[in-house]
Amino acid sequence: MSNKLLFRLSVLVAAMMCALGASAQEAYAVYTSDNTTLTFYYDAQRSSRLGTTYDLNTGYNYPDWYTDGTNLNVTQVVFDPSFAGARPTSTIYWFFALFNLQSITGLEYLNTSEVTDMAWMFFFCSNLTSLDFSHFNTSKVNSMYNMLGYCQSLTSLDLSSFNTSQVISMSSMFDHCANLQTIYVGDGWNTAAVTISQDMFKDCTSLVGGQGTTYDANHIDKTYAHIDGGTSNPGYFTEKPAFIRGDVNGDGSVNISDVTTLIDLLLGGGTISNPAADCIQDSSVNISDVTSLIDYLLSGHW
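As the structure is a computational prediction, the values presented were derived from the model and not from experiment.

(A) Representation of the overall build of the protein in the model. On a plain count of helices and strands, the protein comes out with 4 helices and 8 strands. The order of α-helices and β-strands along the protein, N terminus first, is α-β-β-β-α-β-β-β-β-β-α-α. Considering only C-alpha atoms, the protein reaches an extent of 80 × 50 × 40 Å along its principal axes. The buried share of the protein, taken over its 302 residues, is 41%.

Written out as structure tokens, the structure is:
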């Protein structure tokens with residue numbers, strides 16, 4: 001057998017092995033009771049995972065971690081880096097009634113570029129205090145029906161990454177988010193296609209727009225679902241600022257994680273161009289900004 005033929009054969013075998021490996025990958029979730037965590041994976045290692053494994057739900061079916069009652073036990077959701085390779089077309093009911101859920105990490109590994117339905121996705125995650133939507137791609141989504149209903153511990157939401165040009169249903173999207181005060185949106189927010197929006201803001205009694213518009217029980221559909229223009233054009237949303245002072249990691253809130261990020265930037269050396277890191281606003285970033293940020297976290301004011 002010639003060397004050329006051997007080479008071609010080896011290439012063919014390698015290609016077949018790659019194809020077999022790729023076909024073995026699957027998207028699934030695993031619940032581990034020792035740490036009450038639901039983890040999402042996309043790989044070929046399902047059979048070796050410890051815990052209860054689940055297929056992802058399809059169509060309008062509830063996920064099995066809801067139907068078997070596991071949802072009552074989950075306190076953490078984690079997206080493994082491998083899940084970045086998955087391309088779900090629906091996230092309907094994924095976190096439905098995870099009443100005790102306290103945190104979701106790794107949302108940057110959830111690629112939503114092909115998702116068309118996000119209905120009921122976070123419904124009744126009543127103990128969840130924050131959500132990082134900064135990596136969400138919603139350009140193909142047509143339903144956000146009850147997406148965030150009864151998320152009663154949320155006080156702010158940053159939806160500035162959302163492109164809602166294809167969304168038809170926003171009915172009950174923020175229903176009974178009684179402690180939600182601020183919703184940030186950006187240029188991608190658009191309700192032109194929305195035809196179903198009843199009860200969108202029902203009982204969002206703490207909500208205030210960027211120009212001071214307060215909740216009005218007579219306006220709970222998409223009528224006020226835009227950036228607040230004051231008395232001439234009232235709305236419930238706030239325009240996302242270019243940056244938030246002290247929000248060094250850019251997640252929309254200022255907390256101890258920003259101190260860690262700022263210290264890492266300083267240790268890395270070089271010029272720091274992040275305007276949010278200039279906490280004392282003297283046009284430079286140094287250890288004084290770390291002190292200022294810590295003082296802010298302790299006192300609540302700059």
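(B) Seen up close, the layout of surface pockets. Within this model, the largest pocket holds a volume of roughly 380 Å³. Lining the largest pocket are 20 residues, with Ser130, Leu131, Asp132, Asp251 and Ser253 sitting closest to its centre. Listing elements by their share of the lining of the largest pocket, those giving two or more residues are β5 (103-105) and β6 (156-159).

(C) The arrangement of the nonpolar core in detail. Among the nonpolar cores identified, the biggest contains 57 residues, and Phe40, Phe122, Met147, Phe174 and Phe201 are the most heavily contacted of them. Put simply, the parts of the chain that give this core at least two residues each are β1 (26-32), β2 (37-43), β4 (76-79), β6 and β7 (182-185). Contact partners of Phe122, with chain neighbours within four places excluded, come to Phe95, Ile104, Leu131, Phe133, Met147, Leu148, Gly149 and Cys151. Judged by nonpolar contacts, the second largest core, of 9 residues, contains Leu262, Ile272, Val285 and Val290.

(D) Geometry of the confidence of the model for the protein. Confidence in the prediction of the protein, expressed as mean pLDDT, is 92, and 92% of residues score 70 or more. Contacts for the low-pLDDT stretch residues 3-7, under 50 throughout, to residues beyond four places or in other chains number 1 contact. Per-residue pLDDT stays below 50 along residues 15-22; that stretch engages in 0 contacts with residues further than four places along the chain or on separate chains.

(E) Looking closely at unusual backbone geometry. The phi torsion at Tyr93 lies on the positive side, around 65°, for a residue other than glycine. Looking at the secondary structure, you find Tyr93 in the loop between β4 and β5. Classification of Tyr93 as buried rests on a relative accessible area of 10%. Here the phi dihedral of His176 falls at roughly 60°; this positive angle occurs in a residue that is not glycine. With respect to the element layout, His176 can be found in the loop between β6 and β7.

(F) How the structure looks around helix α4 (residues 287-299). Counted at 1.5 Å a residue, the expected span for α4 with its 13 residues is 18 Å, and the 19 Å between its end C-alpha atoms agrees. Turning to α4, its buried residues number three or more, namely Asp289, Val290, Ser292 and Leu293. Seen along its axis, α4 keeps its buried residues to an arc of 165°; they face one direction. Opposite the packed face of α4, turned more than 90 degrees from it, sit the exposed residues Ile287 and Leu298.

(G) Molecular detail of the pattern of salt bridges. All told, the structure shown has 5 salt bridges when counted by the stated rule. With a shortest N-O distance of 3.3 Å, Arg46 and Glu26 are connected by a salt bridge. Taken as a pair, Arg46 in the loop between β2 and β3 (52-55) and Glu26 in strand β1 lie far apart in primary sequence, 20 residues in all. Among the residues examined, Glu26 registers a relative accessible area of 30% and is labelled partly exposed. Between Lys140 and Glu114 there is a salt bridge whose closest N-O contact spans 2.9 Å. Taken together, the residues span a long stretch of sequence, with Lys140 in the loop between β5 and β6 and Glu114 in the loop between β5 and β6 at a distance of 26 residues. Put simply, Glu26, Arg46 and Asp55 are held in one network by salt bridges that share partners.

(H) Looking closely at the sheet that holds β6. Taken together, the 3 strands give an open sheet; going across it, the order is β6-β7-β8, and neighbouring strands pair in parallel fashion. At either end of the open sheet lies a strand with only one pairing partner, and these are β6 and β8 (238-239).

(I) Just the packing of aromatic side chains, in detail. On inspection of all chains with the given rule, the structure shows 39 aromatic pairs. Arranged with centres 5.3 Å apart and planes meeting at 25°, the rings of Phe96 and Phe123 form a pair that is stacked. Residue Phe96 is located in the loop between β4 and β5, and its partner Phe123 is located in the loop between β5 and β6; the two are separated by 27 residues in the primary sequence. Each member of the pair, Phe96 as well as Phe123, carries the same accessibility label: buried. The positively charged end of Arg49 is found above the aromatic ring belonging to Tyr41, 3.7 Å away from the centroid.

(J) Quick look at the sheet that holds β2. Taken in spatial order, the 5 strands line up as β3-β1-β2-β4-β5 in an open sheet, and their pairing is mixed. Sheet topology places β3 and β5 at the edges, where each strand pairs with a single neighbour. If you compare each strand with its neighbour and ignore which way they point, the axes differ by 20° on average. Bridge count for β1 against β3 is 4 bridges, and the pairing is antiparallel. Across the sheet, Tyr31 pairs through a bridge with Thr52, a residue of β3.

Cut-offs and rules
- Residues numbered from 1 in each chain as written.
- Predicted model: local features only at pLDDT ≥ 70, side-chain atom pairs only at ≥ 80, totals over all residues.
- Heavy atoms only, no water.
- Helix = DSSP H or I, 4+ residues; strand = E, 2+ residues; numbered from the N terminus.
- Buried < 20%, exposed > 50% of the residue type's maximum accessible area, 1.4 Å probe, protein only.
- 1 Å grid on protein atoms, 1.4 Å probe; cavity = no way out; pocket = protein on both sides within 12 Å on 5 of 7 lines; lining within 4 Å.
- Points joined across faces, edges and corners; volume = space filled by probe spheres on them.
- Core = buried A, V, L, I, M, F, W, Y, C linked by side-chain atoms within 4.5 Å.
- Contact = heavy atoms within 4.5 Å.
- pLDDT = per-residue confidence, 0-100.
- Expected span 1.5 Å × (residues − 1).
- Arc of directions from axis to C-beta.
- Salt bridge = Lys/Arg side-chain N within 4 Å of Asp/Glu carboxyl O.
- Pairing = 2+ DSSP bridges.
- Phe/Tyr/Trp six-rings, centres within 6.5 Å; stacked < 30°, edge-to-face > 60°.
- Lys NZ or Arg CZ within 6 Å of the ring centre and 35° of its normal.
- Axes fitted to C-alpha atoms, helices over the stretch in contact; angles between N-to-C directions.

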